[in-house]
Amino acid sequence: MANYSLKINGEQVEVDVDPKTPMLWVLRDHLKLVGTKYGCGIAQCGSCTIHLGDAAVRSCQLPVAVVGNQSITTIEGLSENADHPVQQAWLEHDVPQCGYCQAGQIMSAAALLKNNPNPSDQDIDAAMDGNICRCGTYVRIKQAIKTAANSETA
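Not measured: the values here are computed from a predicted model. (Residues numbered from 1 in each chain as written. Predicted model: local features only at pLDDT ≥ 70, side-chain atom pairs only at ≥ 80, totals over all residues. Heavy atoms only, no water.)

1. Description of helix H1 (residues 23-30)
Line of reasoning, step 1. Within the span of H1, buried status applies to Met-23, Leu-24, Val-26 and Leu-27.
Line of reasoning, step 2. At its buried positions, H1 is contacted by strand E1 (2-8), strand E2 (11-17), strand E3 (49-52) and strand E5 (71-73).
Line of reasoning, step 3. At the exit of H1 stands Lys-32, carrying a positive phi of roughly 60°. (Buried < 20%, exposed > 50% of the residue type's maximum accessible area, 1.4 Å probe, protein only. Helix = DSSP H or I, 4+ residues; strand = E, 2+ residues; numbered from the N terminus. Contact = heavy atoms within 4.5 Å.)

Pasting the structure below:
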């Protein structure tokens, strides 16, 4: 076990975990931030997507030991009142069906728009590649991303 000081959702937290523990389990089991979902465990489905700095990363394969001083943002930290432009666009376009993958989808979309506020269709496809939605709401996801990109606060 090792002690780690992490900056998560703007706050410093301390955890005492094995250095190989994936951030997904640090978040869910140790910090009770359960918005980040377990999907496949091999970084292929995107359900566990969080932000490491400004980049969307799969937390199921991100060992706590490699985080260092980089800030982490989870779905809980994206906005205080679910008023992030991507979250608002998700509601406007009625994106979720079962909802399981949506936190990861939203985190990937938010990272895309933070780094590229005016993405092309190809940019959206590339950024969202690997985020699997078993309900198949991909058309609504793309529409919501375009709406969020056109909002004043994206």
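Next, the rest of the story.
2. Structural notes on unusual backbone geometry
Line of reasoning, step 1. For Lys-32, which is not a glycine, the phi torsion comes out positive at approximately 60°.
Line of reasoning, step 2. If you trace the backbone, Lys-32 turns up in the loop between H1 and E3.
Line of reasoning, step 3. Of note in this structure, Asp-94 is not a glycine but carries a positive phi near 50°.

3. Quick word on the nonpolar core
Line of reasoning, step 1. Counting residues in each nonpolar core, the largest one holds 22 residues, and the members touching the most others are Val-86, Trp-90, Ile-141 and Ile-145.
Line of reasoning, step 2. Going through the elements one at a time, helix H2 (75-78), helix H3 (85-92), helix H4 (102-115), helix H5 (121-128) and helix H6 (138-149) are the ones with two or more residues in this core.
Line of reasoning, step 3. Counting residues in each nonpolar core, the second largest holds 16 residues, with Val-17, Val-26, Leu-27 and Ile-50 among its members. (Core = buried A, V, L, I, M, F, W, Y, C linked by side-chain atoms within 4.5 Å.)

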